[in-house]
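Architecture and fold: a report
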2 protein chains.
Amino acid sequence: MKQLSDLKTMLADAGIKPSHQRLAVVRFLADNLIHPTVDDIYTGLLPEYPTMSRTTVYNTVRLLEKAHKLEALTLDGESTRYDFNTSPHSHFFCTLCNRVTDLPVPDLPDAPDGFKVKAVHLSYKGICPECAANQS
Amino acid sequence: MKQLSDLKTMLADAGIKPSHQRLAVVRFLADNLIHPTVDDIYTGLLPEYPTMSRTTVYNTVRLLEKAHKLEALTLDGESTRYDFNTSPHSHFFCTLCNRVTDLPVPDLPDAPDGFKVKAVHLSYKGICPECAANQS
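1. A few points about the interface of chain B and chain A
A common measure of how large an interface is: the accessible area buried when the components associate. Listed as interface residues are 33 residues of chain B and, on the opposing side, 33 residues of chain A. Each partner contributes to the roughly 2800 Å² buried at the junction of chain B and chain A, and carbon and sulfur atoms together form 62% of this total. Inspection of the chain B/chain A interface yields zero salt bridges. One can count eight residue pairs in polar contact (both at pLDDT 80 or more) joining chain B with chain A. Elements with a minimum of two residues in the side of chain B that touches chain A: helix H4 (54-66), strand E4 (100-103), strand E5 (116-127) and helix H5 (129-135) of chain B. If one sorts the elements of the side of chain B that touches chain A by residue count, E5(B) sits on top with twelve residues. Grouping the amino acids of the side of chain B that touches chain A by side-chain chemistry returns 17 nonpolar, seven polar and nine charged. Bridging between strand E5 (residues 116-127) of chain A and E5(B) involves eleven bridges; their strand directions are antiparallel. Residue pairing for E5(B): A:Val120 is matched across the bridge by B:Tyr124.

Printed below as a string of structure tokens:
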């Protein structure tokens, strides 16, 4: 778990005023690396923060995304999920349980000549080991 | 360019009633493999279809997406682009000119044991050859 002071510093570095509710959002993201949607974050925080609104959650994740502190994922073509894990990894989206699993990034060949690559995103869709075991 | 009859059949196969305006949207997508946004499609069609609405364009691409006839891409974290090219390819998103280039898919190592992969998505972000040449 990251220290609250680290999260405050991260918000300040991103030019985001570290209000009580914004800190709650970023803490939820740091403590729950489950690729949550805005709704997941809102629902998770509501018991402790009854005055939290979906708009506050949405605005906070958008500010963090614009500051490149998290990544927005649209793996299922439906919902946007937010990923606070900034170390290199790929994603596996299970079409049965809708869960997203972080996987290592394999060695990839270079892009064709002339393309200057700054970032690579790799994601898989399919069936995760748990669901595959339940099917057999 | 695909024949209009092929596009009508494709819509029918997807369970989508091939109205005049829906056919115009799908024809635009087939003729313009530029990963257009809803706005690009709407603007492109407006001179010939002055009664076309953004909502019709949006609803048509969503129906096609749900029928797996095209793919929604969110490469820049901002706009959703639609890709009618269903052959295997990866994407290169240029952060300078915002254009998306189709690239071949390199050989990728298998996913870890237990994960049953149905689809792989690979995208790059960086600077395309044209923009790189303009910079130097």
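Moving on, there is more to tell.
2. Describing the packing of helix H2 (residues 20-31) of chain B against H4(B)
Helix-helix packing: each pair is described by the crossing angle between the helix axes and the interaxial distance. Residue and element names in this part refer to chain B. Following both chains from N to C, one finds H2 and H4 inclined at 70°, their axes separated by 10 Å at the closest point. The orientation of H2 with respect to H4, classified from their angle, is roughly perpendicular. Considering how the two elements wind past one another, H2 and H4 form a crossing that is right-handed. Contacts between H2 and H4 involve Gln-21, Arg-22, Val-25, Val-26 and Leu-29 on the former and, on the latter, Thr-56, Val-57, Thr-60, Val-61, Leu-63 and Leu-64. Among the residues making up the contact of H2 with H4, the classes are represented as seven nonpolar, three polar and one charged.

3. Here's the deal with the environment of B:Tyr42
Note on placement: B:Tyr42 falls in helix H3 (residues 38-45). As for B:Tyr42 and B:Ser123, which are separated by 81 residues in sequence, their C-alpha atoms are 26 Å apart.

Rules behind the numbers
Residues numbered from 1 in each chain as written. Chains lettered and ligands numbered in written order. Predicted model: local features only at pLDDT ≥ 70, side-chain atom pairs only at ≥ 80, totals over all residues. Heavy atoms only, no water. Contact = heavy atoms within 4.5 Å. Buried area = accessible area lost by both parts, 1.4 Å probe. Salt bridge = Lys/Arg side-chain N within 4 Å of Asp/Glu carboxyl O. Polar contact = N/O pair within 3.5 Å; in protein donor to acceptor, adjacent residues only side chain to side chain. Helix = DSSP H or I, 4+ residues; strand = E, 2+ residues; numbered from the N terminus. Nonpolar A, V, L, I, M, F, W, Y, C, P; charged D, E, K, R; others polar. Pairing = 2+ DSSP bridges. Axes fitted to C-alpha atoms, helices over the stretch in contact; angles between N-to-C directions. Parallel < 35°, antiparallel > 145°, perpendicular 65-115°, else oblique. Left-handed = near helix turned anticlockwise from the far one by under 90°.

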